[in-house]
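Take a look at the letters that make up each chain.
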Amino acid sequence: EDVVNRMAAGEVLARPCNAIKELVENSLDAGATEIKVMMQNGGLKILQVSDNGKGIEREDFELVCERFATSKLQKFEDLMHMKTYGFRGEALASLSHVAKVNIVSKRADAKCAYQGNFLDGKLLAPTKPAAGKNGTCITATDLFYNLPTRRNKMTTHGEEAKMVYDTLLRFAIHRPDVSFALHQNQSSDFRTKGDGNFRDVVCNLLGRDVADTVIPISLESTRLKFKFTGKISKPIASATSKNAQNRKTNRSFFSVFINGRSVRCDILKHPIDDVLQNRSLCVQFCALHLEIDETRIDVNVHPTKSSVIFLEKEEIIEEIREYFEKFINDLFG
Ligand code: ADP
Ligand code: MG
């Protein structure tokens, strides 16, 4: 049974960056305003996320790494949301099946922090008092130590680290009101202030030339019950063959969040790309956020929660296209 759990966990958390996404989302769910990520060897040796969120109660330690254990479904109506947010209570359980997990956590109302070690979904020994500030620190050591095939699929440490960086970068840009820090003793380390200043975050992480041109887009559809907001850099002429090379080195930024969850969902960008392409334009920066009635999407199709099914996909795309067409017309005449 452990082997099956382990392999399933290896699918859900295929790489260090998947674990980081889950841990950071947990920290945000816990109301954290400061989130720090530390890693060694691209997250394969050590992957650590600490936050100043509400913490975990001592009695709940037994449960947190158990499958389907979640503190986030309190009312009966929440069962409905379970469908959309999907895979409730699986992240920590999965992590404990593919890594050695240590949790230190302190609730504001507790006298001290408590800590516990977890393996294969279980708390190994009763929790012990520990030193720690309010909040939670989760450390995963030796990721995929028990899944050599998965471990071998990893690229270099540097590339895994880059993917963790990209994941955290997206959160940092999406939530300027939260302070994010990445430590791995490399040039890619960063820290955002968390003071809500979007422009500063973009300026620090992607450079002033991007930050200076960013413009907001916003569309609300009462009919389809969604609100689509975003920030894009001012469209520029698409690369001609001459500067096509520049484009490769000059990576562009793209992110999509749906109801606050980071997802891989290119289809929301398609209408934007189409409109731009028709005018031979492109953007260097595009951060999108869709808030949509939860009964109209299903993010549960794939265990990594990265793909999404929309009830009214074509209609949504069409509304975005119409809106953006007009937006570009107003901008360029
Ligand atoms: P889910 O997020 O779907 O509830 P997880 O496996 O990701 O499931 O987490 C299990 C539970 O552990 C959460 O419901 C929450 O109660 C607790 N938890 C995990 N991370 C944190 C954190 N950083 N701060 C406070 N509680 C946490
Ligand atoms: Mg979670």
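The protein is annotated in an unreviewed UniProt entry as DNA mismatch repair protein S5 domain-containing protein from Caenorhabditis nigoni.

Novice: Looking at this structure, I do not really get the overall build of the protein. What am I missing?
Specialist: In terms of regular secondary structure, the protein is built from 12 helices and 18 strands. Look at the contacts in the protein between residues 6 or more apart in sequence, and 65% of them connect residues 24 or more apart.

Novice: Whenever I open this one, the packing of helix 11 (residues 270–278) against helix 12 (residues 313–332) confuses me. Can you help?
Specialist: Relative orientation and spacing of two packed helices are given, respectively, by the angle between their axes and the distance between those axes. Their axes nearest at 8 Å, the elements helix 11 and helix 12 cross at an angle of 35°. As for the relative orientation of helix 11 and helix 12, their crossing is right-handed in sense. When helix 11 is examined against helix 12, the residues H270, P271, I272, D274 and V275 are found in contact with a partner set consisting of I317, I320, R321, F324, E325 and I328. In terms of residue class, the contact of helix 11 with helix 12 is made up of seven nonpolar, one polar and three charged.

Novice: Explanation requested: the sheet that holds strand 13 (residues 253–258) in the structure shown.
Specialist: Working definition: the strands of a sheet are paired by backbone hydrogen bonds and lie parallel or antiparallel to each other. Sheet architecture is open: five strands sit in the order 10-11-16-13-14, paired in mixed fashion. For this open sheet the edge positions go to strand 10 (214–221) and strand 14 (261–263), each flanked by a neighbour on one side alone. In this sheet, neighbouring strand axes are inclined to one another by 20° on average, regardless of whether the strands run parallel or antiparallel. Of the strands in this sheet, strand 13, strand 14 and strand 16 (285–292) touch helix 7 (residues 157–174), which is tilted by about 70° from strand 13.

Novice: Hey, could you run me through the pairing of strand 10 in this one?
Specialist: Every regular strand shows the same layout, with side chains that alternate between the two sheet faces. In terms of strand pairing, strand 10 meets strand 11 (residues 226–233) through eight bridges, oriented antiparallel. Bridge pairing in strand 11 places L219 opposite F228. Connecting strand 10 to the next strand, strand 11, in antiparallel fashion are four residues, including K225 with a positive phi near 55°.

Novice: What is the right way to look at the pairing of strand 1 (residues 34–40) in this model?
Specialist: Residues I35, V37 and M39 point to one face of strand 1 and are all buried, whereas E34, K36, M38 and Q40, pointing to the other face, are not buried. Two elements, strand 1 and strand 8 (residues 179–183), share five bridges in a ladder whose sense is parallel. Bridge pairing links V37 to L182 in strand 8. Both strand 1 and strand 2 (residues 46–51) contribute to a ladder of six bridges, which runs antiparallel. Bridging from a neighbouring strand, I35 pairs with D51 of strand 2.

Novice: Got a minute to help me understand the confidence of the model for the protein in this structure?
Specialist: Close inspection of predicted coordinates is inappropriate in any region flagged by low pLDDT. Of the residues in the protein, 87% reach a pLDDT of 70 or more, and the chain-wide mean stands at 87. Between residues 82–86, whose pLDDT stays under 50, and residues either more than four places distant or in other chains, the model counts 13 contacts. When the criterion is pLDDT under 50, residues 244–249 qualifies, and its contacts beyond four places in sequence or with other chains add up to three contacts.

Novice: Looking at this structure, I do not really get the nonpolar core. What am I missing?
Specialist: A general feature of soluble globular proteins is that nonpolar side chains tend to end up buried together. Among the nonpolar cores identified, the biggest contains 74 residues, and I20, L95, V101, L168, I258 and C286 are the most heavily contacted of them. Of the residues forming this core, the biggest block, eight residues, is contributed by helix 7. Both domain 1 (2–191) and domain 2 (213–332) contribute no fewer than three residues apiece to this core. Those residues in contact with I20 that sit more than four places away from it in its chain are V37, L47, V49, V164, T167 and L168.

Novice: Hey, could you run me through helix 1 (residues 2–12) in this one?
Specialist: Note: α-helices contain 3.6 residues per turn, so residues at a spacing of three or four share the same orientation. Those residues of helix 1 that fall on the buried side of the exposure criterion are A9, G10 and V12. All buried residues of helix 1 fall inside an arc of 160° around its axis, so they share one side. Counted as exposed and oriented over 90 degrees from the buried face of helix 1: V3 and V4. Its buried side turned inward, helix 1 meets helix 5 (91–98) and helix 6 (148–153).

Novice: How do you make sense of the packing of helix 2 (residues 16–29) against helix 7 when you look at a structure like this?
Specialist: Direction vectors running N to C along helix 2 and helix 7 enclose 25°, while the axes themselves pass 8 Å from each other. Put simply, helix 2 runs roughly parallel to helix 7. Seen from above, helix 2 lies across helix 7 with right-handed handedness. Contacts between helix 2 and helix 7 pair P16, C17, I20, K21 and V24 from the former with E160, M163, V164, T167, L168 and F171 from the latter.

Novice: Help me out: how do you make sense of the environment of S262 in this one?
Specialist: Inspection of the secondary structure puts S262 in strand 14. Residue classification places S262 among the partly exposed positions, given that 18 C-beta atoms sit within 10 Å. For the pair S262 and R170, spaced 92 residues apart in sequence, the C-alpha to C-alpha distance is 8.0 Å. Leaving out residues up to four positions away in the same chain, S262 has contacts with K21, R170, F171, S255 and F257.

Novice: Honestly, the environment of T295 in this entry has me stumped. Any pointers?
Specialist: Its place among the elements puts T295 in the loop between strand 16 and strand 17 (297–298). According to the C-beta neighbour criterion, T295 is exposed, with 12 such atoms within 10 Å. T295 sits 153 residues away from D142 along the chain, and the two C-alpha atoms are 39 Å apart.

Novice: Where do I start with unusual backbone geometry in this structure?
Specialist: Here N41, not a glycine, exhibits a phi torsion of approximately 50°, which is positive. Tracing the chain through its elements places N41 in the loop between strand 1 and strand 2. Among the residues examined, N41 registers 18 C-beta atoms within 10 Å and is labelled partly exposed. Located in the positive-phi region is K225, a residue other than glycine, with phi close to 55°.

Reading the values: rules and limits
Residues numbered from 1 in each chain as written. Chains lettered and ligands numbered in written order. Predicted model: local features only at pLDDT ≥ 70, side-chain atom pairs only at ≥ 80, totals over all residues. Helix = DSSP H or I, 4+ residues; strand = E, 2+ residues; numbered from the N terminus. Contact = placed C-beta atoms within 7 Å. Axes fitted to C-alpha atoms, helices over the stretch in contact; angles between N-to-C directions. Left-handed = near helix turned anticlockwise from the far one by under 90°. Nonpolar A, V, L, I, M, F, W, Y, C, P; charged D, E, K, R; others polar. Pairing = 2+ DSSP bridges. Buried ≥ 20, exposed ≤ 12 C-beta atoms within 10 Å, placed from the backbone. pLDDT = per-residue confidence, 0-100. Core = buried A, V, L, I, M, F, W, Y, C linked by C-beta atoms within 7 Å. Domains from an automatic or database assignment. Arc of directions from axis to C-beta. Parallel < 35°, antiparallel > 145°, perpendicular 65-115°, else oblique.

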